[in-house]
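So the chains spell out like this:
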Amino acid sequence: MKESILQKIRRLSLDINEKILPGASFLERIRIMYDFLWEKIWYDVELIDYVQYRFYYKKRIERNRFVTHGRLLRIMRICNNPSSRIFFDQKPLFNQEFKDYLGRDWLDTKACSKKEFMAFCKRNPILFSKSPNGMFGKGVDPIYIEDIKDLDVFYDKCKKDKILLEEVLTQNDELAAFNNSAVNTIRIVTLICADDSIRIMAAVLRLSRKGKFADNFHHDGIAALIDIETGLVNTVGVDRKWNRYTVHPDSRKSIVGFQIPKWSEILATVKKAAWVHPEVRYVGWDVTIKGNGEIVLIEGNSGADPDVTQVEDQIGKWPLYEPLLKDIEKMKF
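Treat the numbers as computed from the prediction; the structure is a model and nothing was measured. (Residues numbered from 1 in each chain as written. Predicted model: local features only at pLDDT ≥ 70, side-chain atom pairs only at ≥ 80, totals over all residues. Heavy atoms only, no water.)

S.K.: Is there a simple way to think about the nonpolar core in this case?
M.R.: Inside soluble globular proteins, nonpolar side chains tend to come together where they are buried. Core analysis: the largest hydrophobic core is formed by 36 residues, its most contacted members being Ile-186, Ile-188, Leu-205, Ile-260, Trp-263, Ile-266 and Trp-285. Of all the secondary-structure elements, those providing two or more residues to this core are strand E5 (185–192), strand E6 (198–207), strand E7 (222–225), helix H11 (263–273), strand E10 (282–289) and strand E11 (295–301). Counting 19 residues, the second largest nonpolar core, distinct from the first, contains Ile-9, Leu-12, Ile-16 and Trp-242. (Core = buried A, V, L, I, M, F, W, Y, C linked by side-chain atoms within 4.5 Å. Buried < 20%, exposed > 50% of the residue type's maximum accessible area, 1.4 Å probe, protein only. Helix = DSSP H or I, 4+ residues; strand = E, 2+ residues; numbered from the N terminus.)

Okay, structure coming up:
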């Protein structure tokens, strides 16, 4: 259900109390609310953009540099063939299309036999179950086979819910040292330009927290930007509550200055993967390194949210995209 302006104002009021300006006076609250409404009406800025990019501190010229939600929709409209988004939105289809890049055992329970299911469970005493169209880490749950009382019942449920099952990856020691309860990943955004070159638009280290089984913002994850040329982490880590970290709060391992292992190989891998479906020009790839050094894809996102590439340094990335999008648009005429 679409949120009304009144509902947005109510949420903004809560954000003012909790995040923006606790203890704000009546006049300060009115100023912030009026400012948001102005941005919404004239520049199509969503409330989440206004808050997470701290527009209440920024002048319009600085605000205009950000990839807001409306601009993300424009990127997707210009760059990505709608009929091919299904290969990224549906996890079983993604695994099938990108099977050469997965590096792990997996099973689409919608299409498997009971014999195949039982064999998979026997090979993988711990596994992940994934909803076929889950987002933000939702619909992803760890499963311990020894805790399943009746595998036949579990099979029927997986079949009904069209669940994707995957082997649990053992990650590279250097990444695992931050936190080993979840696989820590690198988000790399690629864009196939009008001249068919592939541009790396952003790179982010995403770190999980102790006891969590996913590393994204919606599971209290921490994100830090990576220098594309060198593979060095060059900002502090930031979480969804805007806490900032120079070291991981659980392991105390340094975030700033961390050198991503096998950086050139990671870039080569995502560039190669981008050509599997070149009609989807804009993709955010989640990548990790296995314990044996193999570089693997966790997933690809054809609607990759730009928040994780702009929150850390509070610098808008729209000037990187705008000229490239204009060139791609010209190809259609």
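S.K.: Honestly, the sheet that holds strand E3 (residues 140–144) in this entry has me stumped. Any pointers?
M.R.: Where strands meet in a sheet, backbone hydrogen bonds hold them as pairs that are either parallel or antiparallel. What the 4 strands build is an open sheet, ordered E1-E4-E2-E3; its pairing is antiparallel. Each edge of the open sheet carries a strand with a single partner, namely strand E1 (106–108) and E3. Along the sheet, successive strands turn relative to each other by an average axial angle of 25°, direction set aside. Pairing between E1 and strand E4 (residues 164–167): 3 bridges, direction antiparallel. Paired with Leu-107 across the strands is Leu-165, a residue of E4. (Pairing = 2+ DSSP bridges. Axes fitted to C-alpha atoms, helices over the stretch in contact; angles between N-to-C directions.)

S.K.: Explanation requested: helix H2 (residues 26–43) in the structure shown.
M.R.: Turn by turn, an α-helix covers 3.6 residues, leaving residues three or four places apart pointing in a common direction. Along its 18 residues, H2 runs 25 Å from first to last C-alpha, staying within 8% of the 26 Å computed at 1.5 Å per residue. Listed as buried for H2 are Arg-29, Ile-32, Met-33, Asp-35, Phe-36, Glu-39 and Lys-40. Buried positions in H2, seen along its axis, are confined to an arc of 155° and lie on one side of it. In H2, the exposed positions angled more than 90 degrees off the buried face are occupied by Phe-26, Leu-27, Tyr-34, Ile-41 and Trp-42. Elements that come into contact with the buried residues of H2 comprise helix H1 (5–20), helix H3 (47–52) and helix H4 (60–63). Among the residues trailing H2, Asp-44 stands out with phi positive, at a value near 55°. (Expected span 1.5 Å × (residues − 1). Arc of directions from axis to C-beta. Contact = heavy atoms within 4.5 Å.)

S.K.: Can you walk me through the side chain of Arg-209 in this structure?
M.R.: Of note, Arg-209 is situated in the loop between E6 and E7. For Arg-209, the side chain forms a polar contact with the side chain of Asp-250, separated by 2.8 Å. With residues near it in sequence (within four places) discarded, Arg-209 still touches Asn-179, Ser-181, Asp-220, Ile-222, Tyr-245, His-248, Pro-249 and Asp-250. (Polar contact = N/O pair within 3.5 Å; in protein donor to acceptor, adjacent residues only side chain to side chain.)

S.K.: Is there a simple way to explain the packing of helix H5 (residues 69–79) against helix H13 (residues 318–330) in this structure?
M.R.: Pairs of packed helices are described in terms of their axes, by the angle between the two and the distance that separates them. For the pair H5 and H13, the least separation of the axes is 10 Å and the interaxial angle reads 30°. Classed by the angle they form, the pair H5 and H13 counts as roughly parallel. Relative to H13, the crossing made by H5 is left-handed. Where H5 abuts H13, its residues Arg-71, Arg-74, Ile-75, Ile-78 and Cys-79 lie against Trp-318, Tyr-321, Leu-325, Ile-328 and Glu-329. When grouped by side-chain class, the residues that make up the contact of H5 with H13 number 7 nonpolar, no polar and 3 charged. (Parallel < 35°, antiparallel > 145°, perpendicular 65-115°, else oblique. Left-handed = near helix turned anticlockwise from the far one by under 90°. Nonpolar A, V, L, I, M, F, W, Y, C, P; charged D, E, K, R; others polar.)

S.K.: What am I meant to see in the packing of H1 against H2 here?
M.R.: Where H1 meets H2, the closest approach of the two axes is 10 Å, and the angle between their N-to-C directions is 130°. Classified by the interaxial angle, the pair formed by H1 and H2 is oblique. Viewed along their axes, H1 and H2 form a crossing whose handedness is right-handed. Contacts from Ile-5, Lys-8, Ile-9, Leu-12, Ser-13, Ile-16, Asn-17 and Ile-20 in H1 reach Arg-29, Ile-32, Met-33, Phe-36, Leu-37 and Lys-40 in H2.

S.K.: How should a nonpolar patch on the surface be read in this particular structure?
M.R.: A cluster of nonpolar side chains, contributed by Tyr-34, Trp-38, Ile-41, Trp-42 and Tyr-43, occupies part of the molecular surface with about 640 Å² of accessible area. Residue placement: Tyr-34 occurs in helix H2. The class of Tyr-34 is exposed, set by a relative accessible area of 53%. (Patch = residues over 30% accessible without salt bridge, like charges linked within 9 Å, V, L, I, M, F, W, Y side chains within 5 Å. Areas by Shrake-Rupley, 256 points an atom, 1.4 Å probe, with all protein chains shown as cover. Salt bridge = Lys/Arg side-chain N within 4 Å of Asp/Glu carboxyl O.)

S.K.: Quick question: what am I supposed to make of the packing of aromatic side chains here?
M.R.: What describes a pair of aromatic rings is the distance from one ring centre to the other and the angle between the planes of the rings. If you walk through the whole model with that rule in mind, you get 18 aromatic pairs. Each ring, one from Phe-178 and one from Phe-258, has its centre 5.0 Å from the other, and the planes form 85°; the classification is edge-to-face. Of the two residues, Phe-178 is situated in the loop between helix H10 (173–176) and E5 and Phe-258 in the loop between strand E9 (244–245) and H11; the sequence distance between them amounts to 80 residues. The exposure class assigned to Phe-258 is buried, which follows from its relative accessible area of 7%. Cluster of aromatic residues (ring-pair linked, three or more members): Phe-36, Tyr-50, Tyr-53, Phe-55, Tyr-56, Tyr-57 and Phe-66. One Lys or Arg, Arg-60, reaches over the ring of Tyr-43 and ends 3.6 Å from the middle of that ring. Above the plane of the ring of Phe-178 lies Lys-253, whose end atom (NZ or CZ) is 5.2 Å from the centre. (Phe/Tyr/Trp six-rings, centres within 6.5 Å; stacked < 30°, edge-to-face > 60°. Lys NZ or Arg CZ within 6 Å of the ring centre and 35° of its normal.)

S.K.: Mind showing me how you'd approach the pairing of E6 here?
M.R.: On any regular strand, side chains alternate: one points to one face of the sheet, the next to the other face. Counting buried residues in E6 gives 9 out of 10 residues, a clear majority hidden from the surface. In this structure, E5 lies alongside E6, joined through 8 bridges in antiparallel fashion. Paired with Ile-186 across the two strands is Leu-205, which belongs to E6. Once E5 ends, the chain turns through 5 residues before running back antiparallel as E6, passing Asp-196 with a positive phi of about 70°. In the sheet, E6 pairs with E7 via 4 bridges, with the strands oriented antiparallel. Considered in E7, the bridge of Leu-205 is made with Ala-224.

S.K.: Help me understand unusual backbone geometry in this model?
M.R.: Glycine aside, residues mostly have negative phi, and peptide bonds are mostly found in the trans state. A positive phi is found at Arg-54, a non-glycine position, where the angle reads about 55°. With respect to the helices, strands and loops of the structure, Arg-54 is situated in the loop between H3 and H4. Given the relative accessible area of 26%, Arg-54 is considered partly exposed. You will see that Lys-162, though not glycine, has its phi angle at about 55°, which is positive. Among the structural elements, Lys-162 can be located in the loop between helix H9 (151–161) and E4.

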